[in-house]
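Analysis of the macromolecular model
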Amino acid sequence: MSASQHGLGGLKYDPKKRHRPPELNVFFALILIVGAFEVLGRLFVGDSFLFNTRDRVDTLFNEPRLKIIVLQVAIIGIIALGVTQVIISGGIDLSSGSIVGAVAMIATAFAQASVNQYGMDNLKPILGEAYLNLPLIVPIVVGLFAGLVAGVVNGALIAYAKIPPFIATLGMMLFARGVANWTTKGVPISYLQESYAEIGAGMNPVFIFIALAVLMHFLLRYTKYGKHTYAIGSNEQAARMSGIEVERLKVLIYAIAGILSAVAAIVMSSKALTGQSGMGLMYELDAIAMAVIGGVSLAGGRGSILGTCIGALIYGVIISGFTFLKLDAFYQEMAKGAIIVGAVVLDQWRARKQAAKS
Amino acid sequence: MSDIILKTEGLTKHYGGVQALEGANFEIRKGEHVAIMGDNGAGKSTFVRQITAVEQRTAGKVWFDGEEVDFKGPLEAREAGIETVFQNLALADALNVPDNLFLGREIFKFKLGPFSVLDYKAMREKTLASLEKTGVKIPNINNAISNMSGGQRQCVAIARTATFHSKLTIMDEPTAALGVQETAQVENIIRTLKEAGEPLILISHNMRQVFDLVDRIVVFRRGKIVANLRKEETSGEDVVSYITGAKTAPEYAENA
Ligand SMILES: Nc1ncnc2c1ncn2[C@@H]1O[C@H](COP(=O)(O)OP(=O)(O)O)[C@@H](O)[C@H]1O
Ligand SMILES: [Mg+2]
């Protein structure tokens, strides 16, 4: 890049004053937190958080723990990808966790086999005999479609009925959870086909998460969709005056968020080998927390998929770190609450600093 | 008739009970620079919003470039060739200069509906060329707009109109919040438009600026046009008395 590409019209441009990408700060925070757990672990529980201190010497790192962290993070992380673009667009999505519950029930209802892995007959198929042993594509398409519909409804309520995102998605949160409970009156769905069970087997959730993260990063960074999403979150009126069709875009944004929640539901129910109506409970808050920790501004217009991915890792490390330090689950929940509020405080502080500068 | 680029007849806008604009008959010729003056709340911005279809008018007709038009939204107006710098800057703070310049009409590497892939390089190059052309000084075009001064932002907004060849440019109080130097820079851009023969509607409260730059002055008062004055045939005092209502042009007597 030549100098003239920066300094224009005789004004000096000082590359040293260029803004540090905010993702870098989030990354430093991740390292700091991992370091803190490492130190606390060695001091209080006599174990290493990060490294392998067991007899098996073939690995440097404590792979089981790291795997658990990324696995824990992956499924909620998929939701967080959708939530990230919603928040960047200036909205919020409280319904993602409940959509997970509803889609898990709907998808698994279409994924039942006539026999389970122990050779026991499925005596009570949810949808009847005709719907057993369907091709894998059926539960996937039905599940994704259900997520899409929920997202489109969210988007239409917000864009066309002009209902504030908080209220619209709160309504969807209650409605979708109701759907999840209504499908089987709370009875878990099991007897899932092996092909369905393979979707979320092993480390697959992590690979699916990474693939979707790369895709969403590309969409937000390199396409018109992404550019306009940032634009409406930054200044909706300006976007409108620039000719962006704000309403249609919003529907698309919430639709994509709905589809991503559905993907999470399929992966999760596959991994658990069952569909349960309580699946995804409160995940919406976890997903929002991941995004906000990763530097996505609740005011809209700012943030990135990369930031959310690092935010998700921070979240996973903290949760797993609490377990590692043998602290009660209560503390974990309190810490989660504190982290969410802390991240928002940080976000507002950043916004104020920005405002003071200009 | 053919050299009239924009003409309105009976253009009217009511906001509930507020009659913000009432029966405005206005025209501007190709190459002509016209100022719209008037007190705050006189309906100047409302007039602009009806022409550019940011809002839908209550009544009246608009002709643009020889045809009667009924734009459905600002994009249609812009695609027809009307470039506007709105009073409340229509910029996205979190985006950088090229992003803002090309907002809503990006250049693509390839088209795929909403997922069309952006050509950042082409947009950056065109941005630099356009800033160079208009003499706008920006330290780093890759910085978010939020990191820029009011003047720099305004220059970006104006450079945006100059980047795309338009048939008519409208600027709503472009220098209201600017310092002396920044104002001079904006005025220079306006002069380049004049030299290029591009017509301009300039809304301004700055009498010196108006007399420096335009050919004709149209005065709005309480939602109505009350005067249409050739610059050579009027004076600052004269214009002020129309603005305040001390005077009304005979042909607009029923608007007083
Ligand atoms: N969106 C709106 N809703 C209601 N009243 C409005 C709206 N926009 C403008 N007005 C009113 O219309 C009148 C003209 O406003 P405006 O066109 O902004 O004036 P100017 O630009 O000449 O200062 C004012 O009385 C203003 O309060
Ligand atoms: Mg105004």
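Only a predicted model underlies this, so the values are computations on that prediction, with no experimental measurement involved.

**Structural notes on the layout of surface pockets**
- Quantified by volume, the second largest pocket comes out at close to 530 Å³.
- Along the walls of the second largest pocket sit 24 residues, with Lys224(A), His228(A), Gly243(A), Glu245(A) and Leu75(B) positioned nearest its centre.
- Counting residues per element, the ones that place at least two in the lining of the second largest pocket are α8 (224-234) and α10 (246-272) of chain A together with α2 (74-80) of chain B.
- Per element, the largest residue contribution to the lining of the second largest pocket is 4 residues, and it comes from α2(B).
- Considered class by class, the residues forming the lining of the second largest pocket number 9 nonpolar, 6 polar and 9 charged.

**Points about the site of ligand 1**
Residue and element names in this part refer to chain B.
- Taken together, the neighbourhood of ligand 1 is formed by Tyr-15, Ala-20, Asp-39, Asn-40, Gly-41, Ala-42, Gly-43, Lys-44, Ser-45, Thr-46 and Arg-49.
- Ala-42 is positioned with one of its backbone polar atoms (N or O) 3.2 Å from an oxygen atom of ligand 1.
- Residue Gly-43 places a main-chain N or O atom 3.0 Å away from an oxygen atom belonging to ligand 1.
- Surface burial for ligand 1 is 63%, taken as the share of its 560 Å² of free accessible area covered by protein chains.
- Among the elements that take part in the shell around ligand 1, helix α1 (residues 44-51) stands out by supplying 4 residues, more than any other.
- Looking at the shell around ligand 1, its residues break down into 3 nonpolar, 5 polar and 3 charged.

**Description of the sheet that holds strand β2 (residues 18-29) of chain B**
All names here are of chain B.
- One open sheet accounts for 4 strands, arranged β2-β1-β4-β5; its pairing is antiparallel. Lying at the two open borders of the sheet, with one neighbouring strand each, are β2 and β5 (67-69). Strand after strand, the sheet turns through a mean of 25° between neighbouring axes, direction not considered.
- Two elements, strand β4 (residues 59-64) and β5, share 3 bridges in a ladder whose sense is antiparallel. Note that in β5 the partner of Trp-63 across the bridge is Glu-68.

**Regarding the sheet that holds strand β3 (residues 33-37) of chain B**
Residue and element names in this part refer to chain B.
- Pairing within the open sheet is mixed, and its 6 strands lie in the order β6-β9-β10-β3-β11-β12. Looking at which strands have only one partner, the edges of the open sheet turn out to be β6 (82-85) and β12 (224-230). Strand-to-strand twist across the sheet, computed as the mean angle between neighbouring axes with direction ignored, equals 15°.
- Taken together, the 6 bridges between strand β11 (residues 216-221) and β12 define a ladder with antiparallel strand orientation. When the bridges of β12 are listed, Phe-220 appears paired with Ile-225.
- Contacts between helix α5 (residues 150-163) and the sheet are confined to β6 and β9 (168-172), with β6 contributing the most and set at about 175° to the helix.

**A word on the side chain of Ser242(A)**
- Among the secondary structure elements, Ser242(A) is positioned in the loop between α9 (236-241) and α10.
- On the basis of relative accessibility, which here comes to 1%, the residue Ser242(A) falls in the buried class.
- A polar contact is formed between the side chain of Ser242(A) and the side chain of Arg160(B), at a distance of 3.3 Å.

**Observations concerning the pairing of strand β10 (residues 200-203) of chain B**
All names here are of chain B.
- Burial along β10 is two-sided: Leu-200 and Leu-202 facing one way and Ile-201 and Ile-203 facing the other are all buried.
- Direction of pairing for β3 relative to β10: parallel, over a ladder of 4 bridges. Directly across from His-33, in β10, lies its bridge partner Leu-200.
- Inspection of the sheet shows β9 paired to β10 by 4 bridges, in the parallel sense. Counterpart to Ile-170 in the pairing with β10 is Ile-201.
- Between β9 and its parallel partner β10, the chain crosses via helix α6 (residues 180-195), and the hand of that crossover is right-handed.

**So, the confidence of the model for chain A**
- Overall, the prediction assigns chain A a mean pLDDT of 89, with 92% of residues at 70 or greater.
- Within the model, the stretch residues 1-12 of chain A combines pLDDT values under 50 with 26 contacts to residues more than four positions away or in other chains.

**A short note on the packing of helix α4 (residues 137-159) of chain A against α10(A)**
- At their nearest, the axes of α4(A) and α10(A) sit 7 Å apart, and the two run at 145° to each other. The two elements α4(A) and α10(A) meet at a crossing, and its hand is right-handed.

**Overview of the interface of chain A and chain B**
- Each side of the interface is counted separately: chain A has 38 residues, and chain B has 43 residues.
- In this assembly, chain A and chain B are joined by 1 salt bridge.
- The salt bridge involving Asp99(B) is made with Lys227(A); its shortest N-O contact spans 2.9 Å.
- At the boundary of chain A with chain B, the tally comes to 12 residue pairs in polar contact (both at pLDDT 80 or more).
- Of all the secondary-structure elements, those providing two or more residues to the side of chain A that touches chain B are α7 (204-222), α8, α9, α10 and α13 (329-357) of chain A.

**Focus: helix α4 (residues 120-134) of chain B**
Residue and element names in this part refer to chain B.
- Under the 1.5 Å per step criterion, the end-to-end length of α4 is 21 Å for 15 residues, consistent within 8% with the ideal 21 Å.
- Those residues of α4 lying buried are Ala-122, Met-123, Thr-127, Leu-128, Ser-130, Leu-131 and Thr-134.
- Considering only its buried residues, α4 is in contact with α3 (97-101), β8 (117-118), α5 and α6.
- Looking one or two places after α4, you find Gly-135, whose phi comes out positive at around 70°.

**Thoughts on the pattern of salt bridges**
- Evaluation of the coordinates by the stated rule reveals 22 salt bridges over all chains.
- Across the pair Arg29(B) and Asp3(B) runs a salt bridge, and its minimum N-O distance is 2.9 Å. With Arg29(B) in strand β2 and Asp3(B) in the segment before β1 (4-15), this pair connects stretches of sequence that are 26 residues apart.
- The partly exposed category is assigned to Asp3(B), whose relative accessible area is 34%.
- Linking Lys247(B) and Asp238(B) is a salt bridge whose minimum nitrogen-to-oxygen distance equals 2.2 Å.
- A relative accessible area of 35% means that Lys247(B) is categorised as partly exposed.
- Note on Asp238(B): relative accessible area 14%, which makes it buried.
- Here the residues in one salt-bridge network are Lys162(A), Glu236(A), Arg240(A), Glu247(A) and Lys250(A), joined through shared partners.

Calculation rules
- Residues numbered from 1 in each chain as written.
- Chains lettered and ligands numbered in written order.
- Predicted model: local features only at pLDDT ≥ 70, side-chain atom pairs only at ≥ 80, totals over all residues.
- Heavy atoms only, no water.
- 1 Å grid on protein atoms, 1.4 Å probe; cavity = no way out; pocket = protein on both sides within 12 Å on 5 of 7 lines; lining within 4 Å.
- Points joined across faces, edges and corners; volume = space filled by probe spheres on them.
- Helix = DSSP H or I, 4+ residues; strand = E, 2+ residues; numbered from the N terminus.
- Nonpolar A, V, L, I, M, F, W, Y, C, P; charged D, E, K, R; others polar.
- Near = heavy atom within 4 Å.
- Polar contact = N/O pair within 3.5 Å; in protein donor to acceptor, adjacent residues only side chain to side chain.
- Areas by Shrake-Rupley, 256 points an atom, 1.4 Å probe, with all protein chains shown as cover.
- Pairing = 2+ DSSP bridges.
- Axes fitted to C-alpha atoms, helices over the stretch in contact; angles between N-to-C directions.
- Contact = heavy atoms within 4.5 Å.
- Buried < 20%, exposed > 50% of the residue type's maximum accessible area, 1.4 Å probe, protein only.
- Right-handed = clockwise from strand over helix to strand, strands pointing away.
- pLDDT = per-residue confidence, 0-100.
- Left-handed = near helix turned anticlockwise from the far one by under 90°.
- Salt bridge = Lys/Arg side-chain N within 4 Å of Asp/Glu carboxyl O.
- Expected span 1.5 Å × (residues − 1).

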